[in-house]
Amino acid sequence: MTSLLVIIVLVLLAVALWQLTKIFDLTQVGSNTDCSEIATDKDNNVQGYLMFGFLAFLYIFSIYGLIKWGPLVLHTPASEHGSDVDYLMNITWVLIFIVQAITQVLLHYFAFKYKGKKDQKALFFADNNKLEAIWSVIPAVVLAGLILYGLYAWTNIMFVDEDEDTVVIELYAQQFKWTARYAGEDNVLGKANVRLIEGINTLGVDMSDPYSQDDIVVSELHIPKGKKVHFKMRSQDVLHSAYFPHFRAQMNCVPGMVTEFAFEPVYTTAEYRELPYMIEKVANINALRAKKSAELIAKGGSALDPYAFDYLLLCNKICGASHYNMQMKIIVDTPEDYKKWLNEQALLVKQVKEAKAPAAPVDGTIQVDSTKGEDTTAVAKIAMK
């Protein structure tokens, strides 16, 4: 609310200044002023120096931004392919910075050096083959190198051998939550269709499919360290995007189709929490929270809970009003802890059967199943002793 008020005040100030300039122009009516709107040498000098001023502002603000917000970027990647993504990103940043530095300096310098002067005419020439070759060939070669390296990295990241030993997990997206389905011991997901969604079967799994008999559905994602995880993604309603920031992975979840992504975690959750940069980051966050908690308590509110790092699965598409809240906790376990956790989870087929089973009557009567073709009004009374 405060930000909105600040914006409104700034807009009103801008309108007020604009009106003042109009009033000033009206006061100059009848005075000996130049109203030709043709730039003079003085005007051109001012504009030339303003170009240098803007160039200085551009680089000062860039350096300030790097110092101020640089530590907030993602740090150590938590997946095997993450270093390739970061390396490609860093190469791109360096090239962009070099090109931007050269072109911006030349642009503003030439705007000052060749500013308009009285009785000075610009030299006109139709073309320059040498310049055309330089600014066409160099960008083409650089971009070709970036694109080829990017395709190479993308191919390595996306390639999953059919015979490779992976953990197969389905990520099911819906407004505004994630659900995970594990393929079970056979490592093959059962068929699913949104038309089969009913009761506890919120993912529409085909319970008649033999491969679905060992599927496990959970709301908290556990994955093992050191083993490639093959994600298959579906969406129930609109376009979502499965985003794993610390694993440098992202893939759209498209209604009506299955998309895929695979990566291998290299740090457990506990190991990543112990990285020096993460310890420092958590300490800084909790210092801010402690300060905010003191303010809340002084106003009669409740203190904020201390922050502890967890991997998160986020939605990176604006999918609706609660898009910001669409996230799932990810826990990277050791292989042993992962197997233990997985064995503790109930099978989906068992949950569905239990949900469909008739509840035991309180009065001791037995309800006759109407699907057997018998009279549904018949009730067998049991003598209770």
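Residues numbered from 1 in each chain as written. Predicted model: local features only at pLDDT ≥ 70, side-chain atom pairs only at ≥ 80, totals over all residues. Heavy atoms only, no water.

1. Considerations on the confidence of the model for the chain
Regions with low pLDDT carry predicted coordinates that are not meant to be interpreted in detail.
In step 1: When the pLDDT values of the chain are averaged, the result is 85; 89% of them are 70 or greater.
In step 2: Across residues 368-385, where pLDDT falls below 50, the model places eleven contacts with residues more than four positions away in sequence or in other chains. (pLDDT = per-residue confidence, 0-100. Contact = heavy atoms within 4.5 Å.)

2. Considering the environment of Tyr59
In step 1: Take Tyr59: it is sitting in helix 2 (residues 41-69).
In step 2: Classification of Tyr59 by relative accessible area gives buried; the value is 18%.
In step 3: Residues Tyr59 and Ala101 lie 42 residues apart in sequence; the distance between their C-alpha atoms is 8.9 Å. (Helix = DSSP H or I, 4+ residues; strand = E, 2+ residues; numbered from the N terminus. Buried < 20%, exposed > 50% of the residue type's maximum accessible area, 1.4 Å probe, protein only.)

3. Things to note about the pattern of salt bridges
In step 1: For the structure shown, the criterion picks out ten salt bridges.
In step 2: Taking the shortest distance from any N to any O, the salt bridge between Lys228 and Glu164 comes out at 3.6 Å. In this pair, Lys228 is assigned in the loop between strand 4 (221-224) and strand 5 (229-235) and Glu164 in the loop between helix 4 (129-158) and strand 1 (167-174), connecting sequence segments 64 residues apart.
In step 3: By relative accessible area, Lys228 is classed as buried at 15%.
In step 4: You can call Glu164 partly exposed: its relative accessible area is 33%.
In step 5: In this structure, Lys329 and Asp310 form a salt bridge, with 3.9 Å as the shortest nitrogen-oxygen distance. In this pair, Lys329 sits in strand 10 (residues 327-333) while Asp310 sits in the loop between helix 6 (276-298) and strand 9 (311-315), placing the two residues 19 residues apart along the sequence.
In step 6: Classification of Lys329 by relative accessible area gives partly exposed; the value is 34%. (Salt bridge = Lys/Arg side-chain N within 4 Å of Asp/Glu carboxyl O.)

4. Observations concerning the sheet that holds strand 10
In step 1: What the five strands build is an open sheet, ordered 4-10-9-6-7; its pairing is mixed. Every interior strand has two partners, whereas the edge strands, strand 4 and strand 7 (249-253), have only one. If you compare each strand with its neighbour and ignore which way they point, the axes differ by 25° on average.
In step 2: As paired elements, strand 6 (residues 240-244) and strand 7 share five bridges and run antiparallel to each other. From the neighbouring strand, Phe244 faces strand 7, where its bridge partner is Ala249.
In step 3: Helix 7 (residues 335-343) rests against strand 4 and strand 10 of the sheet, and its axis sits at about 140° to strand 4. (Pairing = 2+ DSSP bridges. Axes fitted to C-alpha atoms, helices over the stretch in contact; angles between N-to-C directions.)

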